[in-house]
Amino acid sequence: MRTVKTVFFVCIVSLGSFAANPVPDNDAVNKIIQTALQPSTIQENLRRLTDEIGGRVPGTPAMQHAVQWGMQAFSAAGADSVHSEGFEIPNSWSEGATEMSATTSHMVSSTGVGGGTVLSSFRVRAVSVAWAPALAPVKHVPIADVGQGTEADFQKAGDVAGKILLVHTVVLKTWDDLFAEYTNAPPIIDRAVKAKAKAIAFMATREHDILYRHTNSEAGEIDRLPMVVVAREDGERIARLLSAGNLVWADLSIPNQIAGPIKTSNVIAEIRGAEKPEEFVILGAHLDSWELGTGALDNGCNAALVVDALRAIKASGTPPRRTIRFILFSGEEEGLLGSRAYAFNHRSELDRAAGVVIYDSGTGQTTGFSLGGRKDLLPTAKSLIAPLAQFDVRNLKLDMEWGTDHFDFMLEGVPTFVADQQEANYLENYHAVSDTYDKVDFPQLKKHVAEAAALAFQLANLNEKVGPRLTHDQIEQTMRDTNSVEMFKSFGLWDDWQSGKRGRQK
Ligand SMILES: [Zn+2]
């Protein structure tokens, strides 16, 4: 997953030229970059993860195999230590053989024999929304078009009790579109539940029959209503029939398999710090994925990047001053559950965290880093990315985004760096059947290995940590300064923050 909402954008050329915390040892950084760009096992590692292991949903054998893959790959890359840390997800979920068809009535010419009203049926290509409840087979249920699913759209649609609601969407083109796809769904579901609808059919945001998967629930809980994503072409056909005045009914069966809590694991490798081993930098990416494709762009390529960054730093021969933890998170797609568990379980040592770096946007070129709203990090961050100008990494953004594994560290007041990347082919293949190994741009990915390794190493080598751990009040002030409060509210996160359920308590 990765959703981005640009709130504040700062181009570094507009910043002052001073650096509060100069970066030492450029030779070592250059050596790491050169080592990172050398041929490595990154292609082979990713081929094994995607083609051999495949899509990786927590609770499945594939996810367990992926955890073993991570441990072996880190060891082979030269880690000083490797271990896994388990955590629980509230429910297991897997899709059965979802089936949907549509039937419409229409007139045929009455000239000749057999005129009058007839029925035609066609198959609707559909997959269940993840972590949505099952639906026992239903037949001949009316479909109602509820437009984009706004309050006004629902009013216009009238009584939709017992019906299947077709929701229109826009074709996914930008990061903002993706963010909107996530923010739009919960209020639509609220309205559908209130209106006593039978199920929701979201039109796919990708064309050419591409189907994809994601959750609309927040933290691994089972959602309130059965939901499918239907192929855009089928959804548009149904919408045209309805708008032409034809009645359309659906047969729908969503035999999802759902059970109680499951265990899954994060994988953690370390390069021990030579001078301040108790302080640590995290370089992370999530290892889990959806399973319609094989999770190559999201996020297998960046799991392989984290492994290769460890290799590059170790092979360059200069140990970092602080420890670097290389973490492959699980449960990200169900609501950032692995990184949330890690931040929560390691809360007592987060005063010693010296930065968290996350990659989660496929292999589009890195343009810069998002600093979680931390203006205080800008001068040092500018120095840290200076060696990355050769890769056109130049921008620093001040926003507090949701949607990837830095989030709970940011809410704990730890400095975070999320790689901002060009869309490239990420959005079209996002969570989709088409997210496979062949989509990965390896020459670009190798540059990202160099960037990630150089940034993590420099964070580990600064004289002083890049920034302090913020207090609860300082974090909240940052939310206000970056106009992020509404975003937290729209995802239902504000109450958890205010009550101390999530994030730093003091
Ligand atoms: Zn992701």
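Residues numbered from 1 in each chain as written. Predicted model: local features only at pLDDT ≥ 70, side-chain atom pairs only at ≥ 80, totals over all residues. Heavy atoms only, no water.

Asks: I'd like to hear about the sheet that holds strand E7 (residues 135-145), residue by residue, with values.
Replies: The strand order across the open sheet built from eight strands is E5-E4-E11-E7-E8-E9-E10-E6, with neighbouring strands paired in mixed fashion. Edge positions in the open sheet fall to strand E5 (116-124) and strand E6 (126-128), since each of these has one partner strand only. Averaged over all neighbouring strand pairs, the angle between strand axes comes to 30 degrees, with direction disregarded. Strand direction decides the pairing type here: E6 and strand E10 (residues 227-230), joined by three bridges, are antiparallel. By the bridge assignment for E10, Val127 is matched with Val229. Helix H5 (residues 175-194) contacts strand E8 (164-167), strand E9 (199-203) and E10 of the sheet and is inclined by roughly 145 degrees relative to E9. (Pairing = 2+ DSSP bridges. Helix = DSSP H or I, 4+ residues; strand = E, 2+ residues; numbered from the N terminus. Axes fitted to C-alpha atoms, helices over the stretch in contact; angles between N-to-C directions. Contact = heavy atoms within 4.5 Å.)

Asks: Residues and numbers for the pattern of salt bridges, please.
Replies: Evaluated as defined, the whole model comprises 32 salt bridges. A salt bridge links Arg213 to Glu95, with the shortest nitrogen-to-oxygen separation between them at 2.8 Å. With a gap of 118 residues between them, Arg213 in the loop between E9 and E10 and Glu95 in the loop between strand E3 (92-94) and strand E4 (99-108) connect regions that are remote in the sequence. For Arg213, the salt bridge identified is with Glu291, shortest N-O distance 2.5 Å. Taken together, the residues Arg213 in the loop between E9 and E10 and Glu291 in the loop between strand E14 (276-286) and helix H7 (296-316) connect sequence positions 78 residues apart. (Salt bridge = Lys/Arg side-chain N within 4 Å of Asp/Glu carboxyl O.)

Asks: An account of the nonpolar core is requested, with residue identities and associated values reported.
Replies: If you look at soluble globular proteins, the nonpolar side chains tend to sit buried side by side. In this structure, Phe74, Leu287, Phe326, Phe369 and Phe417 are the most contacted members of the largest nonpolar core, which totals 94 residues. Among the nonpolar cores identified, the runner-up in size contains 25 residues, and Val167, Ala192, Phe202 and Ala204 belong to it. (Core = buried A, V, L, I, M, F, W, Y, C linked by side-chain atoms within 4.5 Å. Buried < 20%, exposed > 50% of the residue type's maximum accessible area, 1.4 Å probe, protein only.)

Asks: A description of the packing of aromatic side chains should follow, citing residues and the corresponding values.
Replies: Per the stated rule, a full pass over the model turns up 13 aromatic pairs. Centre to centre, the rings of Trp93 and Trp131 are 5.7 Å apart; their planes meet at 20 degrees, and the pair counts as stacked. One end of the pair, Trp93, is in strand E3; the other, Trp131, is in the loop between E6 and E7, and 38 residues separate them in sequence. For Trp93, a relative accessible area of 4% corresponds to the buried category. Overall, Trp131 belongs to the buried group, its relative accessible area being 0%. Taken together, Phe179, Tyr182, Trp402 and Phe491 form an aromatic cluster joined through their ring pairs. Above the plane of the ring of Tyr212 lies Arg206, whose end atom (NZ or CZ) is 3.9 Å from the centre. Over the ring of Phe122 we find Arg237, and its NZ or CZ is 3.6 Å from the ring centre. (Phe/Tyr/Trp six-rings, centres within 6.5 Å; stacked < 30°, edge-to-face > 60°. Lys NZ or Arg CZ within 6 Å of the ring centre and 35° of its normal.)

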